[in-house]
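Results of the structural survey
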Amino acid sequence: MATPPLPGSGTPAPFVGRKGMYKAFAASLTGTALEFYDFAVYSAAAAIVFPLIFFPASDPVTGTLLAFSTYAVGYISRPVGGIIFGRLGDEIGRKKILVITLMLIGVATFLIGLLPTYDNIGIVAPAILVFLRFAQGVGVGGEWGGAVLLSSEFGDPNKRGFWASAAQIGPPAGNLMANGALAVLTLVLTEEAFLDYGWRIAFLISALLVAFGLWIRLKLEDTPIFQAMEARGDKPKAPIREVLATQRRPLIAAMLSRIGPDVLYAMCTVFTLTYGIQELGFDRGQVLVAVLVGSGLQIFCMPLAGAISDRINRRLVYGTAAVAAAAWAYVFFIVLEGRSPVMLIVGTVLGLLCHSFMYGPQAAFVVEQFSPRLRSTGSSLAYTFAGIIGGAIAPFMFTLLLSTYNSWVPVAMYLSVACLLTLVGLALGRDSNVAEDEEYLQSSVESSSEKTAGVSA
């Protein structure tokens, strides 16, 4: 079968067909969604359950801070996963690491669902919780870079914004499933039953979801780019050292670009739960519905934003959304003072819309900062280390600022600074360079042609 030309070059590309591209998109989306389901269940539980059952001796504010500290552990451990699995992604392939990371986070989440509470085993309970949260973070840290490359390297490099958005849809899809499960459990169970065993159900059903994700991923081959790297013997021997030595500016640009979206997402999906329930008097169901509606819309907005960034300058789309997010925070808190459930939904949806137009193009932007042979390592390092200074400490800082100043203004200012750092990262970054992909794919075609000729001879 003849191979189609590479976009814009006339060079034939390895034939994967649209079916293969869609399978890669689905594998990236479903696997990441399942992993972020696990992560989001924990995030929601840290806001509304864990302060009561794992830190009951504390006052409400301290209990929330401690729960969000365990939330932060999941971000702090991400660089471990990024270092380990990002390097392996450039050395042994994208597909293999995605199977391992999915299993790791699935097992950790299932065990959280079985964990005894503070009343049962005392201080050992939160200690084990922190350990399992750490394992979750390691899995997610290794997941993102591989998932992004799985979809983007199977897809048309000229449409990388759209194809790479598959992994970006994972967090809102996972968040939608997680909060949906918690909302249903909240509605059908009493408060006592939910705190006793209901929250565990959301963690335990992750085993079925992870099994489904593994079934999809095991059916895929590795990406054409990685196969080309293998064919030409161009796999890096020390990818982390090489990234730190030769890719410092791209690494800084990619890291800074992530901070604003991470902080905004933490505000919309985690801090809003605490602030809305404890400060404004909304009930848990009202806040969860707002997050559910916003997350549902994100599933459509993120690939749309990625596709738009393929047609318009990617950094311009990303930067415009960052400016809008910085302004949104002030309007959001002013509107919430009216304590209207409708405005809570509107404000949350608008915040997550701003997030979509940053997060949708983000995967493509981060990937494009690094050469193909260092993409897995560079992207994973940028993603995970940025998470520490972005999403990891954001809920903790929001709660601390609110309790210290008794005002939402410092919280909004914190988000504005995060968005400013994102704009700096975008300014330091570069636009897409499709020629890099074409060179690797061309070598793959030549290698395949040589093998075919040898077999014919």
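Refer to the structure presented above.
Now for a quick tour of the structure. These figures come from a predicted structure and were not determined experimentally.

1. Section: the pattern of salt bridges
In this structure the tally under the stated criterion is six salt bridges. Measuring nitrogen to oxygen at the nearest pair gives 3.4 Å for the salt bridge that ties glutamate 368 to arginine 160. A residue pair is termed long-range when its members are at least 10 positions apart, and glutamate 368 in helix α16 (residues 341-368) and arginine 160 in helix α8 (residues 160-188) qualify at 208 residues. Per residue, the accessibility class of glutamate 368 equals that of arginine 160, and both read buried. Across the pair aspartate 262 and arginine 258 runs a salt bridge, and its minimum N-O distance is 2.9 Å. Of this pair, aspartate 262 and arginine 258 both sit in helix α13 (residues 248-279), four residues apart, which is roughly one turn of that helix. Each member of the salt-bridge network shares a partner with another, and the members are Arg160, Asp310, Arg314 and Glu368.

2. Details of the packing of aromatic side chains
Evaluated as defined, the whole model comprises 15 aromatic pairs. Where phenylalanine 162 meets tryptophan 163, the ring centres are 5.2 Å apart and the plane angle is 75°; that geometry is what we call edge-to-face. Judged by relative accessible area, which is 29%, phenylalanine 162 ranks as partly exposed. Relative to phenylalanine 365, the ring of tyrosine 318 lies with its centre 5.9 Å away and its plane at 75°, an arrangement referred to as edge-to-face. Placement of the pair is tyrosine 318 in helix α15 (residues 314-336) and phenylalanine 365 in helix α16, with a sequence separation of 47 residues. The burial state of tyrosine 318 is the same as that of phenylalanine 365; both residues are buried. Three or more aromatic residues link up through ring pairs in this structure, and these residues are Phe271, Tyr275, Trp328, Tyr330, Phe332, Phe333, Phe398, Trp408 and Tyr414.

3. Examining the packing of helix α5 (residues 94-114) against helix α10 (residues 206-217)
How two helices pack is summed up by the angle between their axes together with the distance between the axes. At a minimum axis separation of 9 Å, α5 and α10 run at an interaxial angle of 175°. For the element pair α5 / α10, the angle class is roughly antiparallel. Across from Lys95, Leu98, Val99, Thr101, Leu102, Met103, Gly106, Thr109 and Phe110 in α5, the residues of α10 making contact are Ser206, Ala207, Val210, Gly213, Leu214 and Arg217. Grouping the constituent residues of the contact of α5 with α10 by class yields eight nonpolar, five polar and two charged.

4. A short note on the nonpolar core
If you look at the biggest cluster of nonpolar residues, it comprises 118 residues, and the most contacted ones within it are Val49, Phe50, Phe54, Trp199, Trp328 and Phe398. Apart from residues no more than four positions distant in its own chain, tryptophan 199 is found in contact with Val49, Phe50, Ile53, Phe54, Ile112 and Phe194.

5. Points about the environment of serine 371
Relative to the elements of secondary structure, serine 371 occurs in the loop between α16 and α17 (375-392). Assessed through its relative accessible area of 19%, serine 371 is described here as buried. It is 8.6 Å that separates the C-alpha atoms of serine 371 and aspartate 437, two residues lying 66 residues apart in sequence. Setting aside its immediate chain neighbours within four residues, serine 371 contacts Gln247, Arg430 and Glu436.

6. Observations concerning the environment of valine 409
For valine 409, the location among the structural elements is in helix α19 (residues 409-428). The spacing of valine 409 and tyrosine 330 is 79 residues in sequence and 7.4 Å in space, taken between C-alpha atoms.

7. Here's the deal with α19
It helps to recall that an α-helix has 3.6 residues per turn; residues three or four apart then point in one direction. With 20 residues, α19 ought to run about 28 Å at 1.5 Å a step, and its terminal C-alpha atoms sit 29 Å apart, in line with that. Within α19, burial applies to Pro410, Val411, Ala412, Tyr414, Leu415, Ser416, Ala418, Cys419, Thr422, Gly425 and Leu426. Residues of α19 that are buried sit in contact with α13, α15, α16 and α18 (394-405).

8. Let's talk about α5
Taking 1.5 Å per residue as the helical rise, α5 with its 21 residues ought to reach 30 Å, and the 32 Å between its terminal C-alpha atoms agrees with that figure. Here α5 has its buried residues at Arg94, Ile97, Leu98, Val99, Thr101, Leu102, Ile105, Gly106, Ala108, Thr109, Ile112 and Gly113.

9. Some words on unusual backbone geometry
Unusually for a residue other than glycine, arginine 339 sits at a positive phi of about 55°. Residue position: arginine 339 is located in the loop between α15 and α16. Positive phi values are uncommon outside glycine, yet asparagine 406 reaches one of about 55°. By the element assignment, asparagine 406 lies in the loop between α18 and α19. The exposed category is assigned to asparagine 406, whose relative accessible area is 67%.

10. Thoughts on the side chain of threonine 272
Among the secondary structure elements, threonine 272 is positioned in helix α13. By relative accessible area, threonine 272 is classed as buried at 4%. There is a polar contact of 3.3 Å between the side chain of threonine 272 and the backbone oxygen of cysteine 268.

11. As for empty space enclosed by the protein
A complete count under the given rule lists one cavity of 30 Å³ or more for this structure. What the largest cavity holds in volume is close to 240 Å³. As for the largest cavity, its lining consists of 20 residues, of which Phe36, Phe39, Tyr75, Pro171 and Tyr265 are closest to the centre. Counting only elements with at least two residues in the lining of the largest cavity, the list comes to α1 (17-48), α3 (60-76), α8, α13 and α16.

Rules used throughout
- Here the residue numbers are simple positions, counted from 1 along each chain's written sequence.
- Totals for whole chains, interfaces and linings use all residues, but because this is a predicted model, local features are given only for residues with pLDDT of at least 70 and pairs of side-chain atoms are given and counted only at 80 or more.
- Here the side-chain values reflect all heavy atoms present in the structure, with hydrogen atoms and water set aside.
- Any Lys or Arg side-chain nitrogen located within 4 Å of an Asp or Glu carboxyl oxygen qualifies as a salt bridge.
- Secondary structure is summarised from DSSP: a helix means a run of H or I of at least four residues, a strand means a run of E of at least two, and numbering begins at the N terminus for each.
- Buried means the residue's accessible area, taken with a 1.4 Å probe over protein chains only, is under 20% of the maximum for its type, while exposed means over 50%, and partly exposed covers the values in between.
- Between the rings of Phe, Tyr and Trp (Trp by its six-membered ring), a pair exists once the centres lie within 6.5 Å; its type follows the angle of the planes, with under 30 degrees stacked, over 60 edge-to-face, and the other angles tilted.
- All axes are obtained by fitting lines to C-alpha atoms, using only the stretch in contact for helices, and the reported angles, taken between N-to-C directions, cover 0 to 180 degrees.
- When describing relative orientation, an angle under 35 degrees is termed roughly parallel and one over 145 degrees roughly antiparallel, while 65 to 115 degrees is termed roughly perpendicular and anything else oblique.
- The contact criterion used is simple: two residues touch if any of their non-hydrogen atoms lie within 4.5 Å.
- Under the grouping applied here, Gly and all other residues not named as nonpolar or charged are polar, the nonpolar ones being Ala, Val, Leu, Ile, Met, Phe, Trp, Tyr, Cys and Pro and the charged ones Asp, Glu, Lys and Arg.
- In this description, a nonpolar core means a group of buried Ala, Val, Leu, Ile, Met, Phe, Trp, Tyr and Cys residues linked to one another through side-chain atoms lying within 4.5 Å.
- What a helix should span is 1.5 Å times the count of its residues minus one.
- What qualifies as a polar contact is a pair of N or O atoms within 3.5 Å, subject to a donor-acceptor requirement within protein and to the restriction that residues adjacent in sequence count only when both atoms come from side chains.
- Think of a 1 Å grid over the protein atoms and nothing else: a 1.4 Å probe that fits but is trapped marks a cavity, an open set flanked by protein within 12 Å on at least five of seven lines marks a pocket, and residues with an atom within 4 Å of a point count as lining.
- Grid points are joined across faces, edges and corners, and a volume is the space filled by probe spheres set on the points.

Coordinates in, geometry out; function isn't part of it.
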